[in-house]
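Each chain is listed here by its residues.
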Amino acid sequence: MIPIQKKQAVKTAVIALLLLLILVPALYRPVFESALLKGADEAGVSYVDQAFDRALIAFALARASNAIISIIQDSEIDIAPAGVGVTIAIGEALDPVNDMIERFSWVMLVSLVSLGIQKLLIDISPWVSIKLILLPALLLILAGTWGRGGWARNSLYFGRRLVFLAILVRFCVPAVALVNDQVYSLFLDQHYSVAVEGIERGNTALRNMDPLTENLDSRQPEGLWEEIKRSAGKVGEYADLQHRISRMKSRMAGMIENLLAMIAVFILNTVILPLGFLWLLARLFKAVTGSDSLLRLEEILAERVT
C-alpha cells in the first residue's frame, strides 16, 4: 500500500498543478480555453443564435400582421356603405387576431430575453466554474488533505462537491442548449415551419383585402337621382363585402391557431425545456453529492457559532 504521506504528497502535487494552471494566464488559456472546450461552447452559442433568428422572424411576421390590421381598421370607416354594418363586422373579425398578436409579442419578448440569458451564461460559465467554484474547491481539498480532525473532513467533503459543481456549471448550459436543439429538431421544427407558413398566408390574405379599404364614397354626388342610383348599386356591393368578410373570419381563425402553435413552440423551446433540463441537472447534483450537504453546512456553522 502507498503510505498516507505519499498519497498526500501526490494529491498535493496534482492540486498545486491545477492551481498553477488556473492562476497563470499563459497556462490557463491552452487548458481551460482549448479548442475542444471552445467547440462545445460555440455549438451551444450556434443553437442559441439560430433560435434567436427564429424568434426574430416570428416577431417580424407578427408585427407585419399588426401593421396590416391597423391600416385596415384605420380605413374601415371609408368602406361602410349606408351604415356601420361592414365596419362592425371588420372590427369583430380583426380584433381577436390583433389581441392574439399583442400576446404573442409578449411571448416573443420573453423568449428573446431567455435566449439572451442563455447566450450570456454560455459566455460567463467557464469563468464562474473555474475561478469562482473550482479554485476554492481545490483550496478546500488541499486544506483538508493536510488538516486534522473534523475540520479537515468537512473541507474535503465540501471541496469534492464543489469540484463536481464546477464541472456541472462549466458544461450544463452548452449541454442544455445542445439537447434542446435536438428536441427542437425532432419535435418542434415542423410545427414552427407550418405556423410560419400559415402566418405568412394570413398576411397575404390581409394584404389582398386592399379593395375593402378603397374609399367607396370618394366620388362627389351630382344630384339626388345619382345618389339614389349609387345607393341601389351598393346593395350588391354590400353583399359581396359581407361574403368576403365571412371568408376573412375563417382565415383569421386559422391565423389565430398558427399564432397559438407558435406560442407553444417558443414557450417550450426557450422557457420550459431549458428550465426543465437545468432542474434535472440540479437533481443529478443532489443525487451524486447527497441530500445532506446543506444540513451538514448548517451543522458546521452552528458549531462555529456556539
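Criteria and cut-off values
Residues numbered from 1 in each chain as written. Predicted model: local features only at pLDDT ≥ 70, side-chain atom pairs only at ≥ 80, totals over all residues. Heavy atoms only, no water. Helix = DSSP H or I, 4+ residues; strand = E, 2+ residues; numbered from the N terminus. Buried < 20%, exposed > 50% of the residue type's maximum accessible area, 1.4 Å probe, protein only. Contact = heavy atoms within 4.5 Å. Core = buried A, V, L, I, M, F, W, Y, C linked by side-chain atoms within 4.5 Å. Phe/Tyr/Trp six-rings, centres within 6.5 Å; stacked < 30°, edge-to-face > 60°. Lys NZ or Arg CZ within 6 Å of the ring centre and 35° of its normal. Patch = residues over 30% accessible without salt bridge, like charges linked within 9 Å, V, L, I, M, F, W, Y side chains within 5 Å. Areas by Shrake-Rupley, 256 points an atom, 1.4 Å probe, with all protein chains shown as cover. Salt bridge = Lys/Arg side-chain N within 4 Å of Asp/Glu carboxyl O. pLDDT = per-residue confidence, 0-100.

## A word on the overall build of the protein chain
Step number 1: When its secondary structure is counted, the protein chain shows 7 helices and 0 strands.
Step number 2: When the helices and strands of the protein chain are read in sequence order from the N terminus, they spell out α-α-α-α-α-α-α.
Step number 3: Taking all 306 residues of the protein chain together, the buried fraction comes to 39%.
Step number 4: Taking the intrachain contacts of the protein chain between residues at least 6 apart in sequence as the baseline, contacts between residues at least 24 apart amount to 84%.

## Digging into the nonpolar core
Step number 1: Within the largest apolar cluster, 43 residues are counted, with the highest numbers of intra-cluster contacts made by Phe104, Leu206 and Met262.
Step number 2: Elements that contribute at least two residues to this core include exactly α3 (35-74), α4 (85-146), α5 (149-207) and α6 (224-289).
Step number 3: With near-sequence residues (within four places) excluded, Met262 lies in contact with Ala58, Phe104, Tyr192, Ala195, Val196 and Ile199.
Step number 4: Judged by nonpolar contacts, the second largest core, of 14 residues, contains Ile15, Ile133, Leu134 and Leu135.

## Observations regarding the packing of aromatic side chains
Step number 1: Evaluated as defined, the whole model comprises 5 aromatic pairs.
Step number 2: Note on Tyr28 and Phe32: the rings are 5.1 Å apart at their centroids and 35° apart in plane angle, and the pair reads as tilted. Linking Tyr28 with Phe32, this pair stays in helix α2 (residues 25-32), spanning 4 residues, or about one helical turn.
Step number 3: The class for Tyr28 is buried, based on a relative accessible area of 9%.
Step number 4: Note on Phe32: relative accessible area 13%, which makes it buried.
Step number 5: Here a set of aromatic residues connected by ring pairs shows up, and it is made of Tyr184, Tyr192 and Phe266.
Step number 6: Sitting over the face of the ring of Tyr184, Arg54 holds its NZ or CZ atom 3.7 Å from the ring centroid.

## Observations concerning a nonpolar patch on the surface
Step number 1: Together, Trp106, Leu109, Val113, Ile117, Leu120, Leu121 and Ile124 make up an exposed nonpolar region whose accessible area comes to about 660 Å².
Step number 2: Within the element layout of this structure, Ile117 appears in helix α4.
Step number 3: On the basis of relative accessible area, Ile117 is assigned to the partly exposed category, the value being 45%.

## Digging into the confidence of the model for the protein chain
Step number 1: For the protein chain, per-residue confidence averages 79 on the pLDDT scale, and 74% of positions sit at 70 or higher.
Step number 2: Looking across the protein chain, the model is least confident in helix α7 (residues 293-305), with a mean pLDDT of 49, and most confident in α2, with 90.

## Here's the deal with the environment of Leu178
Step number 1: Following the sequence through the fold, Leu178 ends up in helix α5.
Step number 2: Leu178 sits in the partly exposed class, given a relative accessible area of 34%.
Step number 3: Each C-alpha atom, one on Leu178 and one on Val48, is 9.1 Å from the other, the two residues being 130 residues apart in sequence.
Step number 4: The contacts of Leu178, once residues within four sequence positions are left out, are Ala43 and Gly44.

## Topic: the side chain of Gln118
Step number 1: Tracing the sequence through the fold places Gln118 in helix α4.
Step number 2: Contacts of Gln118, omitting those with residues within four sequence positions, involve Tyr47, Val48, Val173, Thr270 and Pro274.

## Focus on the environment of Lys286
Step number 1: As for its position among the elements, Lys286 is in helix α6.
Step number 2: Given a relative accessible area of 40%, Lys286 falls into the partly exposed group.
Step number 3: Along the primary structure Lys286 and Leu165 are separated by 121 residues, whereas in three dimensions their C-alpha atoms are 10.0 Å apart.

## A word on the pattern of salt bridges
Step number 1: Tallied over the entire structure, the rule returns 2 salt bridges.
Step number 2: With a shortest N-O distance of 3.0 Å, Asp41 and Arg170 are connected by a salt bridge. With a gap of 129 residues between them, Asp41 in helix α3 and Arg170 in helix α5 connect regions that are remote in the sequence.
Step number 3: Relative accessible area serves as the criterion here: at 9%, Asp41 is assigned to the buried category.
Step number 4: Residue Lys119 pairs with Asp49 through a salt bridge whose shortest N-O separation is 2.9 Å. On the criterion of sequence distance, the pair formed by Lys119 in helix α4 and Asp49 in helix α3 is long-range, its members being 70 residues apart.
Step number 5: Looking at Lys119, the relative accessible area reads 33%, which means it is partly exposed.
Step number 6: Taking relative accessible area as the criterion, Asp49 reaches 29% and is therefore assigned partly exposed.

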